[in-house]
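Observations on chain architecture
The residues making up each chain are set out below.
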Amino acid sequence: MQRRVLGRSAASYSNGLVVEGQRLIFISGQLPTDEAGKLVGADDFDAQVRQTFANIERLLNQAGAGLDDIVKITAFLTTLEPYPRYSAIRGELFAPNYPASAAVQVAGLVVPGAMIEIEAIAVLG
């Protein structure tokens, strides 16, 4: 199985991975950080959601795909209180025939102050 890595990570994982031949793209959990790894929107949940989806889109673009190619997303939120806002932003970014989706509340995330992390699976073409 041939794999193509997307993005760069200082840790022992790939930010994204294309499974050649299967046309599958797996995006590791993305956080609301800029390219330097700094938290975006420290006290702004909506800004964090938008930055996280922008990070996912950037990785998908490297593979020749976009948000419309996502078939599954999983969001990890530190509290479910802002879930309706997350859902509304997700609705703005995706067209009908929405991807399968799940949201899970977690005790914390790797980046201090991050309120959301999102992972995705997409299909090329």
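As the structure is a computational prediction, the values presented were derived from the model and not from experiment. (Residues numbered from 1 in each chain as written. Predicted model: local features only at pLDDT ≥ 70, side-chain atom pairs only at ≥ 80, totals over all residues. Heavy atoms only, no water.)

A few words now on helix α2 (residues 83-93). Within α2 the residues assigned to the buried category are Tyr86, Ile89 and Arg90. Seen from one end, α2 has its buried residues packed into an arc of 105°, which puts them on one side. More than 90 degrees from the buried face of α2, the exposed residues found are Pro84 and Glu92. Looking at the packing, one finds that the buried side of α2 touches α1 (45-62), β4 (70-77), β5 (100-105) and β6 (116-123). (Buried < 20%, exposed > 50% of the residue type's maximum accessible area, 1.4 Å probe, protein only. Helix = DSSP H or I, 4+ residues; strand = E, 2+ residues; numbered from the N terminus. Arc of directions from axis to C-beta. Contact = heavy atoms within 4.5 Å.)

Let us look at α1. The terminal C-alpha atoms of α1 lie 26 Å apart, and with 18 residues this matches the ideal 26 Å at 1.5 Å per residue to within 8%. Where α1 is concerned, the buried positions are Phe45, Gln48, Val49, Thr52, Phe53, Asn55, Ile56, Leu59 and Leu60. Down the axis, α1 shows its buried residues gathered within 150° of arc, on one side only. Measuring from the backbone nitrogen of Asp46 back to the side-chain oxygen at the start of α1 gives 3.2 Å, which picks out Asp44 as the cap. Immediately beyond the C-terminal end of α1, within one or two residues, lies Gly64, with a positive phi of roughly 85°. (Expected span 1.5 Å × (residues − 1). Polar contact = N/O pair within 3.5 Å; in protein donor to acceptor, adjacent residues only side chain to side chain.)

The subject of this paragraph is the nonpolar core. Taken as a class, soluble globular proteins show a tendency for nonpolar side chains to be buried jointly. Counting 25 residues, the largest nonpolar core has Ile25, Phe53, Ile56, Leu60, Ile70 and Tyr86 as the members making the most contacts within it. Looking at this core, the elements that each hand over two or more residues are β3 (24-30), α1, β4, α2 and β6. At 6 residues, the largest contribution of residues to this core is made by α1. Setting aside residues no more than four positions away along its own chain, Phe53 makes contact with Leu67, Ile73, Tyr86, Arg90, Leu93, Phe94 and Ile118. Core analysis: the next-biggest nonpolar cluster, separate from the first, contains 5 residues, Leu31, Phe76, Val111 and Ala114 among them. (Core = buried A, V, L, I, M, F, W, Y, C linked by side-chain atoms within 4.5 Å.)

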